[in-house]
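The chain contents come next:
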Amino acid sequence: MPDAAKAFYVTTPIYYVNDAPHIGHAYATTAGDVLTRWHRQRGEQVWFLTGVDEHGTKVQRAADAGGVTPQQWVDRLVADAWLPVLGTIDAANDDFIRTTEPRHIERVQRFWETVRDNGYVYSAMYEGPYCVGCEEFKLAGDLLDGTGEYQGQQVCPIHGRPVEQLEEENWFFRLSAFSDLLLERYEADPDAIQPRSAYNEVMSFIRQGLVDISMSRSSVSWGIPLPWDDDQVIYVWFDALLNYATAVGYGAEPDSADGRRFAECWPPDVNLVGKDILRFHAVYWPAMLMAAGLEPPRKVFAHGWLLVGGEKMSKSKLTGISPEQIIDHFGSDAFRYHFLRAIQFGQDGSFSWEDMAARYTAELANGLGNLASRATAMVGRYCDGVLPAAHDFTEAEHEIARALAEAASTADRAMGELDFSTGITAVKDFVERVNGYVTEQEPWVLAKDPANADRLGVVLYTICDSLRAIAVLYNPVMPKAMSSLWEQLGAQAVLGPLAEQRIATVGEWAQLPPGTLVVKGEGLFPRLDDAP
Ligand code: MSP
């Protein structure tokens, strides 16, 4: 049961602003948005955070190459690309954090002062490989031998490029002190890291023994200065991870608005991350929090990659597809639906236009869109747009009512487990079931004989009340189309706003009152001519 005083707090990774977003970035934000909209629809208090990671060598080099200062670079990209993409994918985030904001900088400095006061920071020499693409100090076992032009060098397995050798006097975080605590925590709560493959990977990494890790950089200037050593900036990951705490008011006065927000949100219920940044989130991040006396996140969920030609989609490999390219053609609802239904969350998936167009046509345009337009058109044509009363439900209608209750409970269970694909499929199967009912009952045949008026009323009522429930269940996934459907069903006037309908009662049959004014509107999912 959700804790009433605790907001359900979900975060996405914060994205590097070395370049513009591609659909791999939009993927986690979409998942977080659907998850949090689902919890809102359950009536829970929710906080959904996303944002951008603006410091570090990678961003600095991109700015240098662009001939501007890092601050100018990030200001432009955030305004022109990263903020607009949230509108494009229809994200309803509660906050957006930038790591160059004063609220973040001050609180990060305060956090590390606390960790140092607690005895977990010391100065030492760092010597070893660093991947700028990952912004990560690598361990020997993390690297591959280069081939071709990189023959004789060690390369990062994610970026396929040589690592750089660093030799710096740094401040270190005593990560080694947390091996046992982390193991105990994860042994007691295996669901704290999901999916299971991610859990196993983290456990075997911790069992090898954790070594202390550099938490500052002396050769980098684009970062947050260490409060006790002006010559160093905080290592970009140990600045970035803290966004999840600084954005909700870590370090603020307890009775200030920010302090109250922190009390309400902490700890995060789900930190959503890509599988490539799992170690940072499931090992370093909880250890940092423990070192500061804060509770670690309740769950870290590692999703898979969107692949192109079997490899991770990436701007640096020029395989990035922008969300606009897809959404201009299919719309944001179809984008959200497709990526969460087609790919099992936690596994990799490939994107193809053909696949998306086929699913759009079959499941959205011909499936749900057609059901809605047939229903509203028939109520218009046969009943002057007034939802008829339904007397004498038969077994066919009872069967629909049972299918609805089952779809609602399967979807709720699956969405709660971040199994978006199963959740969406449960609703899609119900749509198909109702379309099957329409075909079986043939209301257009019933309408030919006035003696069938009562039966016609039952059939049209059943279709419309099913659509009422579908609008609620799909609202977190496809908010634009569902708000239009809600309007067309006339539900707003009689049941109130769509956002106020609750998942707990959506499966109860016959909620739409007879007499409701139904109006056929624009098609929910226009047919596509062909893919661009
Ligand atoms: N800035 C760090 C995260 C800091 S969080 C405290 C970072 N940024 S990133 O821009 O490189 O990646 C952000 C997220 O996008 C990661 O979770 C990464 O997995 C995800 N993706 C980047 N390319 C992706 C795909 N091709 N597919 C799916 N997600 C991918 O790492």
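Our structure is the block above this text.
Quick caveat: nothing in here was measured; it's all calculated off a predicted structure.

Draft legend 1. Expanded view of the site of the ligand. Neighbouring residues of the ligand: 24 residues in total, closest Ile14, Asp53, Gly274, Asp276 and Leu306. One nitrogen or oxygen atom from the side chain of aspartate 53 is found 2.7 Å from a nitrogen atom belonging to the ligand. Between an oxygen atom of the ligand and a side-chain N or O atom of aspartate 276, the distance comes to 2.5 Å. Its free accessible area being 660 Å², the ligand has 96% of it covered by the protein chains. For the shell around the ligand, the elements supplying multiple residues, two or more each, are strand S1 (8-16), helix H1 (23-41), helix H7 (236-240), helix H8 (243-246) and strand S14 (270-274). The dominant element in the shell around the ligand, judged by the number of residues it contributes, is S1, at four residues. Looking at side-chain class alone, the shell around the ligand contains 13 nonpolar, eight polar and three charged residues.

Draft legend 2. Inspection of the nonpolar core at higher detail. Formed by 107 residues in total, the largest nonpolar core has its most connected members in Ile463, Leu467, Tyr474, Met482 and Phe525. Of all the elements, helix H17 (residues 453-474) adds the most residues to this core, at 13 residues. Non-local contacts of tyrosine 474, meaning those with residues more than four positions away in its chain, are made with Tyr337, Leu368, Ile424, Val427, Lys428, Val431 and Met482. Within the second largest apolar cluster, 71 residues are counted, among which are Phe111, Val236, Phe280 and Ala287.

Draft legend 3. Structural context of the packing of aromatic side chains. The tally for this structure, following the rule as stated, stands at 36 aromatic pairs. With centroids separated by 5.5 Å and ring planes inclined at 75 degrees, the aromatic side chains of phenylalanine 351 and tryptophan 353 adopt a geometry described as edge-to-face. Take phenylalanine 351: its relative accessible area is 12%, and that puts it in the buried class. The side chain of arginine 261 reaches across the aromatic face of tryptophan 47, ending 3.7 Å from its centre. Just above the ring of tyrosine 382 sits the side chain of arginine 381; from NZ or CZ to the centre is 5.5 Å.

Draft legend 4. Broad picture of the pairing of strand S13 (residues 229-234). Pairing geometry for strand S11 (residues 216-217) and S13, over two bridges, is antiparallel. Bridge pairing links arginine 217 to valine 233 in S13. For strand S12 (residues 225-226) and S13, the ladder comprises two bridges, and the chain directions are antiparallel. Note that in S13 the partner of proline 225 across the bridge is valine 233. The hairpin formed by S12 and S13 contains two residues between the paired strands.

Draft legend 5. Region of interest: helix H5 (residues 179-188). If you check which residues of H5 are buried, you get Ser179, Leu182, Leu183 and Tyr186. Angular distribution of buried residues about the axis of H5 spans 100 degrees; they occupy a single face of the element. Exposed and facing more than 90 degrees away from the buried side of H5 are Asp180, Glu184 and Ala188. Next to the buried residues of H5 lie strand S9 (193-194), helix H6 (196-207) and helix H10 (278-291).

Draft legend 6. View of empty space enclosed by the protein. Applying the stated criterion across every chain yields a total of two cavities of 30 Å³ or more. By volume, the largest cavity is sized at about 90 Å³. Lining of the largest cavity is provided by 13 residues; of these, Tyr15, Thr29, Trp82, Val85 and Leu86 occupy positions nearest its centre. Listing elements by their share of the lining of the largest cavity, those giving two or more residues are H1, strand S2 (46-53) and helix H3 (70-88). For the lining of the second largest cavity, the residue count by class is six nonpolar, four polar and two charged.

Cut-offs applied
- Residues numbered from 1 in each chain as written.
- Predicted model: local features only at pLDDT ≥ 70, side-chain atom pairs only at ≥ 80, totals over all residues.
- Heavy atoms only, no water.
- Near = heavy atom within 4 Å.
- Polar contact = N/O pair within 3.5 Å; in protein donor to acceptor, adjacent residues only side chain to side chain.
- Areas by Shrake-Rupley, 256 points an atom, 1.4 Å probe, with all protein chains shown as cover.
- Helix = DSSP H or I, 4+ residues; strand = E, 2+ residues; numbered from the N terminus.
- Nonpolar A, V, L, I, M, F, W, Y, C, P; charged D, E, K, R; others polar.
- Core = buried A, V, L, I, M, F, W, Y, C linked by side-chain atoms within 4.5 Å.
- Buried < 20%, exposed > 50% of the residue type's maximum accessible area, 1.4 Å probe, protein only.
- Contact = heavy atoms within 4.5 Å.
- Phe/Tyr/Trp six-rings, centres within 6.5 Å; stacked < 30°, edge-to-face > 60°.
- Lys NZ or Arg CZ within 6 Å of the ring centre and 35° of its normal.
- Pairing = 2+ DSSP bridges.
- Arc of directions from axis to C-beta.
- 1 Å grid on protein atoms, 1.4 Å probe; cavity = no way out; pocket = protein on both sides within 12 Å on 5 of 7 lines; lining within 4 Å.
- Points joined across faces, edges and corners; volume = space filled by probe spheres on them.

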